[in-house]
Amino acid sequence: MDSLRTLRDFLRWGASRFVAADLFYGHGTAGAADEAAVLLAHVLHLDLPLAPEFLDAALTADERAAVRAVLRRRVVERLPAPYLTGEAWFAGLRFAVDPRVLIPRSPIAELIEGGFSPWLDEAPPGRILDIGTGSGCIAVACALAFPEAVVDAVDISADALDVAAVNVARYGLQARVRPVQSDLYAALAGQRYDLIVSNPPYVPETEYAGLPAEYRHEPGSALVSDDQGLEHPLRILYGALDHLTEDGLLVLEVGATWPALAARLPQVPFIWVELERGGEGVAVIERRVLAEALA
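A quick note: this is a predicted structure, and the numbers were derived from the prediction, not measured.

## Regarding the overall build of the protein
Okay, so step 1: Check the secondary structure of the protein and you find 12 helices and 9 strands.
Okay, so step 2: Seen through its principal axes, the protein has C-alpha atoms that stretch 70 × 40 × 35 Å.
Okay, so step 3: Put simply, the protein has 295 residues, and 52% of those count as buried.
Okay, so step 4: Counting only contacts in the protein whose residues sit at least 6 apart along the sequence, the fraction spanning at least 24 positions is 69%.
Okay, so step 5: Taken as a whole, the protein presents about 13,500 Å² of accessible surface, with 52% of it coming from carbon and sulfur.
Okay, so step 6: Of the side chains in the protein, 24 bear a positive and 41 a negative charge, and the two mean positions are spaced by 7 Å.

## Some thoughts on the packing of aromatic side chains
Okay, so step 1: Within the structure shown, the criterion is met by 7 aromatic pairs.
Okay, so step 2: Relative to F146, the ring of F116 has its centre 6.3 Å away and its plane inclined at 15°; by these criteria the two rings are stacked. Here F116 is found in the loop between α5 (108-113) and β3 (127-131), whereas its partner F146 is found in the loop between α6 (137-145) and β4 (150-155), with 30 residues between them in sequence. Per residue, the accessibility class of F116 equals that of F146, and both read buried.
Okay, so step 3: Aromatic side chains F270 and W272 sit 5.3 Å apart centroid to centroid with 50° between the ring planes, which places their arrangement in the tilted category.
Okay, so step 4: W272 sits in the partly exposed class, given a relative accessible area of 25%.
Okay, so step 5: By the ring-pair criterion, three or more aromatic residues cluster together here, those being F90, F95 and Y171.
Okay, so step 6: Directly above the aromatic system of Y208 lies the positively charged group of R216, at a separation of 4.3 Å from the ring centroid.

## A look at the sheet that holds strand β8 (residues 271-272)
Okay, so step 1: One open sheet accounts for 7 strands, arranged β5-β4-β3-β6-β7-β9-β8; its pairing is mixed. Both outer strands of the open sheet, β5 (177-181) and β8, are each paired with one neighbouring strand and no more.
Okay, so step 2: In this sheet, β4 lies alongside β3 in parallel orientation, the contact comprising 5 bridges. Looking at the pairing, D130 lines up with A153 of β4.
Okay, so step 3: Contacting β4 and β5, helix α7 (residues 158-170) crosses the sheet at an angle of about 175° to β5.

## Quick notes on the state of the cysteines
Okay, so step 1: Evaluated as defined, the whole model comprises 0 disulfides.
Okay, so step 2: With no disulfide of its own, C137 has C142 as its nearest cysteine by sulfur position, at a separation of 9.4 Å.
Okay, so step 3: A relative accessible area of 8% means that C137 is categorised as buried.

## Comments concerning helix α1 (residues 7-20)
Okay, so step 1: Between its first and last C-alpha atoms α1 spans 20 Å; for 14 residues at 1.5 Å apiece the expected length is 20 Å, and the two agree.
Okay, so step 2: Three or more residues of α1 are buried, namely L7, F10, L11, W13, G14, A15 and F18.
Okay, so step 3: The inward-facing, buried residues of α1 abut α2 (32-44) and α3 (61-76).
Okay, so step 4: Downstream of α1 by a residue or two, D22 has a phi angle that is positive, lying close to 55°.

## What about the pattern of salt bridges?
Okay, so step 1: For the structure shown, the criterion picks out 15 salt bridges.
Okay, so step 2: For R94, the salt bridge goes to E87, with nearest N and O atoms at 2.6 Å.
Okay, so step 3: Among the residues examined, E87 registers a relative accessible area of 25% and is labelled partly exposed.
Okay, so step 4: Among the salt bridges present, the one from E231 reaches R235, with a minimum N-O distance of 3.8 Å. Here E231 and its partner R235 are both found in helix α10 (residues 231-243), 4 residues apart, which amounts to about one turn of the helix.
Okay, so step 5: The exposure class of E231 is partly exposed, given its relative accessible area of 28%.

## Some thoughts on the environment of L173
Okay, so step 1: Checked against the element boundaries, L173 lands in the loop between α7 and β5.
Okay, so step 2: Relative accessible area serves as the criterion here: at 5%, L173 is assigned to the buried category.
Okay, so step 3: Put simply, L173 and F24 are 149 residues apart on the chain and 34 Å apart in space, counted from C-alpha to C-alpha.
Okay, so step 4: Apart from the residues within four sequence positions on either side, L173 is in contact with V140, A143, L144 and V168.

Cut-offs applied
Residue positions are given per chain, counting from 1 as you read along its sequence in written order. At least 70 in pLDDT is required for a residue's local features to be given in this predicted model, at least 80 for side-chain atom pairs to be given and counted, and no such filter applies to totals for whole chains, interfaces and linings, which use all residues. Side-chain metrics in this entry use all non-hydrogen atoms of the structure; hydrogen atoms and water are not considered. Under the scheme used here, helices are H or I runs from DSSP no shorter than 4 residues and strands are E runs no shorter than 2 residues, and both carry numbers assigned from the N terminus. Only protein chains enter the accessibility calculation, which uses a 1.4 Å probe; a residue whose area is less than 20% of its type maximum is buried, one above 50% is exposed, and one in between is partly exposed. Residue contacts are defined here by distance: any two heavy atoms, one from each residue, within 4.5 Å place the two residues in contact. In this description, accessible areas are obtained by the Shrake-Rupley approach with a 1.4 Å probe, and a residue is regarded as covered only by the protein chains that are shown. Positive charges are assigned to Lys and Arg, negative charges to Asp and Glu, while His and the chain termini are left out of the count. The location of each charge is read from NZ of Lys, CZ of Arg, CG of Asp or CD of Glu. Centres within 6.5 Å are what make two rings of Phe, Tyr or Trp a pair, Trp counting through its six-membered ring; a difference in plane orientation under 30 degrees is then read as stacked, over 60 as edge-to-face, and the rest as tilted. Put simply, a charge is over a ring when the Lys NZ or the Arg CZ is close to the ring centre, within 6 Å, and near the line of the ring normal, within 35 degrees. Here a strand pair is declared whenever DSSP counts at least two bridges between the two strands. Axes, fitted as lines to C-alpha atoms, cover a helix only where it is in contact. Angles between the N-to-C directions of the axes lie from 0 to 180 degrees. The disulfide definition used here is simple: a pair of cysteine sulfur atoms within 2.5 Å. Here a helix's expected span is defined as the number of its residues, less one, multiplied by 1.5 Å. Any carboxyl oxygen of Asp or Glu that lies within 4 Å of a side-chain nitrogen of Lys or Arg is treated as forming a salt bridge with it.

Next up, the structure:
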């Protein structure tokens, strides 16, 4: 261990340990080397990507101890890197995260960055609803993408809303983003929105049982949905009719559960977005079309 002195040494050693431990990387990095770089940058207060001129710099004794500790926790506890660093990136924005919320990774970020084009090109939304806000990443990103909009950020978990409030305050959006504790639409009687966005629980219980250990640190209630993963998506779809404005738009993520949703509602002409940065199962549908299909 004394032979590990430089940043380069610890990057290589950490990546080797991660590969040997067969870790899973589904929370913001592409593999062992990237994961090690994220953790080292956090401990050493460096920016990513790591500057080449720092790679051969020797770490102090305290730095070496801190780096070993965080790399060891990643292997032994199988904690995803964002829970070890306390932050994650979404739509180019930094968010505080901890095990009270899912780690942001929704491909909806790509749509937000593009202003939900072409669906909202003619009329930016004035009121937005984010269902299952968790860390608040979608709500905050939407508020920044549409500076005139107000956003209701809904979650059933009071713990999650505490984290969301931290992120809302981080970006100074307290006047435009309102965290609301609610079971989907339950606390929103009479409220209408131009845009509803949701990344709800949609993982079937049988699939959840086989997920890598890293996912076990995330709140299961934010991942698992009954009825083959469709309970929450179906409630959101039917409830959207009462909460979208006449020309409103629903954007719903169901991931790999999308074939089951399409089979359950074959009469609904979902638009399944082709995502340039990867991911699947993001549906877009206008209220008018949804109302006709579910009539």
